Amino acid sequence: MTDTLRISDLDLAALLCSRVCHDVISPIANGLELFDDPEMDAETKATALEMIRSSARTAGAKLKFCRIAFGAAGSAGALIDLSEAGEVAKGFVGEEKVRLDWQAPRENRPKQQVKLLLNMLLLAMSGIPRGGIVTVAA
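Residues numbered from 1 in each chain as written. Predicted model: local features only at pLDDT ≥ 70, side-chain atom pairs only at ≥ 80, totals over all residues. Heavy atoms only, no water.

Asks: Just to check I follow, could you spell out the overall build of the protein chain for this structure?
Replies: What the protein chain contains, in helices and strands, is four helices and four strands. The order of helices and strands in the protein chain, counted from the N terminus, is α-α-β-α-β-β-α-β. The principal-axis extents of the C-alpha atoms in the protein chain amount to approximately 55 × 45 × 35 Å. Of all 138 residues assigned to the protein chain, the portion counted as buried reaches 25%. Expressed as a percentage of contacts within the protein chain between residues at least 6 apart in sequence, the contacts between residues at least 24 apart total 68%. Surface exposure of the protein chain reaches about 9600 Å², of which carbon and sulfur atoms provide 57%. Across the protein chain, the centroid of the 16 positively charged side chains sits 8 Å from that of the 18 negatively charged ones. (Helix = DSSP H or I, 4+ residues; strand = E, 2+ residues; numbered from the N terminus. Buried < 20%, exposed > 50% of the residue type's maximum accessible area, 1.4 Å probe, protein only. Contact = heavy atoms within 4.5 Å. Areas by Shrake-Rupley, 256 points an atom, 1.4 Å probe, with all protein chains shown as cover. Lys, Arg positive; Asp, Glu negative; His and termini not counted. Charge placed at Lys NZ, Arg CZ, Asp CG, Glu CD.)

Asks: Please clarify how helix 4 (residues 111-126) should be interpreted in this entry.
Replies: Because an α-helix packs 3.6 residues into every turn, residues spaced three or four apart end up facing the same way. Taking 1.5 Å of rise per residue, the 16 residues of helix 4 would be expected to cover 22 Å, and the 23 Å separating its terminal C-alpha atoms lies within 8% of that figure. Each element contacted by the buried residues of helix 4 is listed here: helix 2 (42-70), strand 1 (79-81), helix 3 (82-93), strand 2 (98-102), strand 3 (108-110) and strand 4 (132-136). (Expected span 1.5 Å × (residues − 1).)

Asks: Would you explain the environment of Leu100 in this entry?
Replies: Mapped onto the elements of the fold, Leu100 is located in strand 2. As for Leu100 and Gly86, which are separated by 14 residues in sequence, their C-alpha atoms are 9.1 Å apart. Discounting residues that sit within four places of it in the chain, Leu100 has contacts with Gly86, Ala89, Lys90, Val93, Leu121, Val134 and Val136.

Asks: Explanation requested: the nonpolar core in the structure shown.
Replies: Side chains of nonpolar character tend, in soluble globular proteins, to be buried together. Among the nonpolar cores identified, the biggest contains 21 residues, and Phe65, Trp102, Leu118 and Leu121 are the most heavily contacted of them. Those elements that place two or more of their residues in this core are helix 2, helix 3, strand 2, helix 4 and strand 4. Other than its neighbours up to four places away in sequence, Trp102 contacts Leu82, Ala85, Gly86, Ala89, Lys90, Leu117, Leu118 and Val136. (Core = buried A, V, L, I, M, F, W, Y, C linked by side-chain atoms within 4.5 Å.)

As C-alpha cells, this is what we get:
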C-alpha cells in the first residue's frame, strides 16, 4: 500500500505564487530596509540603492520567465520563439551558481512545448544546488 500525496490545482497555484512573490519581493524589501536605516552613511546608502536596482532587474527577469513558464503566454495555439525564450531564461538564470547553455534553434514552437522546456530547466537547476552548467537543446 502506498500513500500518495495529492495537491489540488488551486493549492499548487497558490504555492507557485507564494514562491514567486518571495523570490521577487524579499531582496527589494531587504535593500529598502537597509536604505531607510537613519544611521547608515552615504556610501552604505549608495550600496543599498544599487542592491535595490539589481534586485529590481532580477525581479523583472524572474517575472518574465514565470509569465512564459507558468502563464497563459498568448492565446490557445500560440507560438513562441525559442530564441526569445532563451533570452528570458538567461535573464532568469543570471550568472551565479548555475550557468545556462541555450542550444535551442531559432524557431517558433507551440507555447506548451516552450512552457515544458522552461519547466524542465527549473527541474535541472534544482538538480544542481551547488551550481554547474545546464544545457538546453530542443
